Structure formats: C-alpha cells, structure tokens
Amino acid sequence: MPRALITGITGQDGSYLTELLLEKGYEVHGVVRPGQALERTRLKHLVAAVGEKLFLHEAALEDSHALKRIITQVTPDELYHLASLTHVGLSFEQPEQTCDMTGMGTLRLLEIVKAMPKPPKFFHASSSEVFGKPESAPQDENTPFRPVTPYGCAKAFATNMVSVYRQTHGLFACNAILFNHESPRRGENFVTQKICRAAAAIKLGKQNELVLGTITSFRDWGHARDYVRGMWLMLQQDKPADYVLATGELHTVQEVIELAFETVGLDWKQYLKQDPRFMRPVEPSQLVGNPAKAKRELGWQPTVTFRGLIVEMTRVAMAE
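In this text the structure is predicted, and so the values were computed from the model without any measurement. (Residues numbered from 1 in each chain as written. Predicted model: local features only at pLDDT ≥ 70, side-chain atom pairs only at ≥ 80, totals over all residues. Heavy atoms only, no water.)

K.L.:
Before we move on, could you go through the overall build of the protein and cite the residues and values that matter?
P.N.:
Broken down by element type, the protein carries ten helices and 13 strands. With the C-alpha coordinates aligned to their principal axes, the bounding extent of the protein is approximately 60 × 45 × 40 Å. Here the protein holds 320 residues, and 54% of them are scored as buried. Long-range contacts, defined here as pairs at least 24 residues apart, represent 79% of the contacts in the protein between residues at least 6 apart. Carbon and sulfur atoms make up 49% of the accessible area of the protein, which amounts to about 14100 Å² in all. Positive and negative charge centroids in the protein, built from 36 and 36 side chains respectively, lie 1 Å apart. (Helix = DSSP H or I, 4+ residues; strand = E, 2+ residues; numbered from the N terminus. Buried < 20%, exposed > 50% of the residue type's maximum accessible area, 1.4 Å probe, protein only. Contact = heavy atoms within 4.5 Å. Areas by Shrake-Rupley, 256 points an atom, 1.4 Å probe, with all protein chains shown as cover. Lys, Arg positive; Asp, Glu negative; His and termini not counted. Charge placed at Lys NZ, Arg CZ, Asp CG, Glu CD.)

As structure tokens, then:
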C-alpha cells in the first residue's frame with residue numbers, strides 16, 4: 001500500500017487529492033493545524049476513514065521540529081505540499097506571514113526531505129501568480145517569473161527552491177504551476193465562490209446584492225478535481241519535472257457572474273454593486289496557461305468546462 005503525506009489536506013485541493021489517493025488504495029496522512037476540528041473542514045465526509053486509511057497529524061508549517069517528527073514517523077512514498085496562505089489579496093495585508101508560511105515553509109520541508117535515508121517524491125503546488133505581468137501569453141514552464149504580489153513572490157521563491165533541491169541534491173521534486181482552479185469546496189473569500197453563493201442566496205431571498213471590485217479581470221479557470229489528478233500523475237513519472245496545469249482559456253469575472261445568475265434565472269445587472277475597496281493594488285494581467293507539456297508527457301487534460309464548473313458551483317450553493 002503506497003503511503004502519501006499531504007500538507008494543506010483540509011483545503012479544497014487537499015480534500016480532492018485525499019479522495020483520489022484513497023480510491024487508488026493509498027494510506028493517506030495529512031498535516032493539519034493544531035486544534036483544527038475535522039468536522040468543520042472539507043474532510044468531514046471522510047471522518048469514517050480516519051484511523052483506518054486516513055491519519056491526521058497536528059503541526060504548523062512554521063514548526064520545523066514538528067514537521068520533521070511527522071515526516072520521519074510516516075516515512076511517506078509521496079509528499080504533496082499544498083499548504084500556504086492562498087488568498088492573494090490578503091497577502092498584501094500579511095506579507096511577512098505569507099512569505100514565512102508559503103516560501104520558508106516549503107524550504108523547511110525540502111531540508112527535512114533531503115536528510116532522509118529514502119526521500120519521498122516531493123510535489124509542490126506553485127501558482128500562476130509567479131508570472132505576475134508576463135510579457136507573453138500563454139505562459140508555459142519557460143516563461144520568466146515576474147510576480148507582482150507578496151503571494152506571487154513567496155511562491156516564486158518556493159518554486160525556485162524546489163528546482164534547486166532537485167538539481168543540487170537529486171530529489172524527485174516537482175512543481176505544478178497551477179492556474180486558477182475552483183470547485184464547490186472553494187473558500188468563500190475567492191471571487192468565483194463569492195459570485196456563485198451570492199447568486200444562490202439572492203435567488204433564495206437571503207441576500208440583496210453582489211458587491212465586487214473590477215469585473216473585467218481575465219483568468220484561466222479550471223476544476224480542482226482535474227488539477228489534483230495532474231498532481232498525482234506528476235509523481236508517477238520516471239523523472240521529476242515542472243508542469244503548467246491550466247485550461248488555456250481566458251474568461252472574465254463578468255462571465256462568471258453571467259453564468260451564475262443565468263443558472264438561477266436572474267438578471268445579474270439588477271444585483272451587482274461595484275466597490276473600489278475590493279480593487280487590488282496591483283492586478284496580474286493576461287494569466288493564461290499553456291498545458292501542452294502536461295498533455296504530452298502526463299496524458300493530462302481538463303475534463304470540466306468553464307460553464308460546467310460555474311453551473312456546478314452555483315447549483316451546490318443553491319442546495320446548501
């Protein structure tokens with residue numbers, strides 16, 4: 001039975017990855033924040049598996065001693081590092097914490113893995129935010145990093161360190177440069193979920209309006225289920241490498257609004273209110289990925305369309 005360890009296991013990606021690995025016969029271990037109640041996370045439907053094929057360990061990414069203890073006890077075959085402060089806008093308010101957890105947290109894990117007699121295969125969830133304002137589109141594995149947010153800077157550092165440890169220490173270490181990927185399990189502070197939940201709440205009479213910043217921003221949006229499958233495929237290869245996981249399609253925030261409100265049968269223009277307070281200081285532009293390498297070498301490609309994603313998120317919000 002292969003054994004995997006996941007940081008950030010209670011997040012959107014962590015929960016989908018846990019399901020995938022359990023289906024494939026893995027023993028899954030996860031790192032959770034101290035005191036975190038499982039019943040209030042995205043793993044609550046897997047409570048029955050805890051203690052049989054799913055095991056949870058408490059540690060903060062800032063605590064290298066606790067991380068080392070967990071990793072050396074578990075001795076995983078594969079380590080999926082998903083944990084970070086993932087909200088880009090919040091990174092402007094908490095830049096030090098973002099860099100410590102997202103950047104230095106990755107380095108701490110690499111140091112622990114490097115010292116093990118049999119290092120596990122290491123996966124790092126990078127982000128399209130490393131590209132910031134790229135000079136060309138679409139972006140691929142060779143596009144220079146030009147981050148414009150504290151989160152993007154932290155991810156760029158972490159991504160480069162993974163490459164350094166792969167090249168210098170011979171670790172099987174991979175970066176997935178993940179473009180935006182959503183699902184019904186997305187946090188409510190992310191724009192797609194905010195929109196879908198607002199459309200549902202307005203339809204149900206629980207909310208009166210949707211308040212947003214700019215709605216003309218473009219993003220490359222896919223489904224988290226597809227992206228975690230790409231993560232697993234990366235660690236099944238003979239040689240480690242970095243891959244862009246993306247749809248290659250650009251859509252605007254306004255398109256998300258239109259689809260969500262169409263799903264519930266409402267005219268979005270009657271409910272949208274724009275507020276300058278929700279505008280980011282610096283907005284990445286033309287972030288669209290080229291997943292050709294992942295398609296060619298991993299046999300990976302998205303299976304959920306943009307429309308299918310937004311409709312699913314809105315319908316789940318209606319049912320909750």
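K.L.:
Summarise the sheet that holds strand β4 (residues 78-81); cite the residues concerned and give the values.
P.N.:
For sheets, the rule is that strands pair by backbone hydrogen bonds, running either parallel or antiparallel. Reading across the sheet, the seven strands line up as β3-β2-β1-β4-β5-β6-β11 and stay open at both edges, with parallel pairing between neighbours. Every interior strand has two partners, whereas the edge strands, β3 (54-58) and β11 (243-245), have only one. The sheet shows a mean angle of 20 degrees between the axes of neighbouring strands, taken without regard to direction. Here helix α5 (residues 150-169) sits on the sheet in contact with β5 (121-127) and β6 (173-178), set at roughly 155 degrees to β5. (Pairing = 2+ DSSP bridges. Axes fitted to C-alpha atoms, helices over the stretch in contact; angles between N-to-C directions.)

K.L.:
How would you sum up the packing of helix α6 (residues 191-203) against helix α8 (residues 253-263)? Please name residues and give values.
P.N.:
Contact geometry for α6 and α8: axes closest at 9 Å, N-to-C directions at 30 degrees. The pairing of α6 with α8 is recorded here as roughly parallel in orientation. Where α6 crosses over α8, the two elements pack in a sense that is right-handed. Here V191, T192, I195, C196, A199 and I202 of α6 come into contact with α8, specifically with V253, V256, I257, A260 and F261. A per-class count over the contact of α6 with α8 returns ten nonpolar, one polar and no charged. (Parallel < 35°, antiparallel > 145°, perpendicular 65-115°, else oblique. Left-handed = near helix turned anticlockwise from the far one by under 90°. Nonpolar A, V, L, I, M, F, W, Y, C, P; charged D, E, K, R; others polar.)

K.L.:
Describe the nonpolar core, naming the residues involved and giving the relevant values.
P.N.:
Judged by nonpolar contacts, the single largest core of 38 residues is most densely connected at I6, L17, L21, V28, Y80, L82 and F123. Contributing elements (two or more residues each) for this core: β1 (3-7), α1 (12-23), β2 (27-32), β5, β6, α7 (224-234), β11 and α9 (292-298). Broken down by element, the residue count for this core peaks at seven residues, all from α7. V28 has contacts with A4, I6, I9, T18, L21, L22, K53, L54 and F55, leaving out every residue within four places of it along the chain. Listed in part, the 24 residues of the second largest apolar core include L79, M101, L110 and V113. (Core = buried A, V, L, I, M, F, W, Y, C linked by side-chain atoms within 4.5 Å.)

K.L.:
Break down unusual backbone geometry for me, with residues and values.
P.N.:
The amide bond that connects A137 to the next residue, P138, takes the cis arrangement and shows omega of 0 degrees. Within the secondary structure, P138 is located in the loop between β5 and α5. Of note in the backbone geometry, T75 takes a positive phi value of approximately 40 degrees without being a glycine. Position of T75 relative to the elements: it lies in the loop between α2 (64-74) and β4.

K.L.:
Which residues make up the packing of aromatic side chains, and what values do they have?
P.N.:
Throughout the structure, instances matching the rule amount to six aromatic pairs. An angle of 45 degrees between the planes, with centres 5.9 Å apart, marks the rings of Y80 and F123 as tilted. Of this pair, Y80 sits in strand β4 while F123 sits in strand β5, and the two are 43 residues apart along the sequence. Residue class for Y80 comes out buried when judged on its relative accessible area of 0%. (Phe/Tyr/Trp six-rings, centres within 6.5 Å; stacked < 30°, edge-to-face > 60°.)

K.L.:
Describe in detail the layout of surface pockets, supporting the description with residues and values.
P.N.:
Counted as a void, the second largest pocket has a volume near 350 Å³. When the residues that make up the lining of the second largest pocket are grouped by side-chain class, the tally is two nonpolar, four polar and nine charged. (1 Å grid on protein atoms, 1.4 Å probe; cavity = no way out; pocket = protein on both sides within 12 Å on 5 of 7 lines; lining within 4 Å. Points joined across faces, edges and corners; volume = space filled by probe spheres on them.)

K.L.:
Account for α2, with residues named and values stated.
P.N.:
Within α2, burial applies to A66, L67, I70, I71 and V74. Looking straight down α2, one finds its buried side chains confined to an arc of 125 degrees; they lie on one side. Facing away from the buried side of α2 by more than 90 degrees, the exposed set consists of H65 and Q73. Along its buried surface, α2 packs onto β1, β2, β3, β4 and α4 (95-114). (Arc of directions from axis to C-beta.)

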